[in-house]
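# Structural description and commentary
Chain residues, written in single-letter form:
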Amino acid sequence: MTTKKYSSYAEIDRDLEILKLQKELHYQKIALSIEKTKENLSPKSILNEVFASFKPMLSEWYVTTLKLAIPFVIKWFKKRKRGD
């Protein structure tokens, strides 16, 4: 890193203000990152992720079960209608 030479106090003040703003920006980014991490590690979020991972499997199981069950239900209703 090279040493910067200033010709006035105004230049120093400007660079100090820029550094102060950069510091605040980095601090806010870190604070936001910590907050998001807390949210992602909450029990509600973890359960949502678990259920989301099982959703495709459960929906496939549900469709398969319906495909198998519908003919039996129709057959049962037909028997009930005939009075058997």
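Here is a short report on the structure shown in this document. It should be emphasised that the depicted structure is a prediction, and the values quoted were computed from it without experimental measurement. (Residues numbered from 1 in each chain as written. Predicted model: local features only at pLDDT ≥ 70, side-chain atom pairs only at ≥ 80, totals over all residues. Heavy atoms only, no water.)

### So, the pattern of salt bridges
Inspection of every chain in the model, using the stated rule, returns two salt bridges. One salt bridge connects Lys4 with Asp15, and the closest N-O pair in it is separated by 3.0 Å. A residue pair is termed long-range when its members are at least 10 positions apart, and Lys4 in the segment before helix H1 (9-40) and Asp15 in helix H1 qualify at eleven residues. A salt bridge links Arg14 to Asp15, with the shortest nitrogen-to-oxygen separation between them at 3.5 Å. Residue class for Asp15 comes out buried when judged on its relative accessible area of 13%. One continuous salt-bridge network, built from bridges that share partners, spans Lys4, Arg14 and Asp15. (Salt bridge = Lys/Arg side-chain N within 4 Å of Asp/Glu carboxyl O. Helix = DSSP H or I, 4+ residues; strand = E, 2+ residues; numbered from the N terminus. Buried < 20%, exposed > 50% of the residue type's maximum accessible area, 1.4 Å probe, protein only.)

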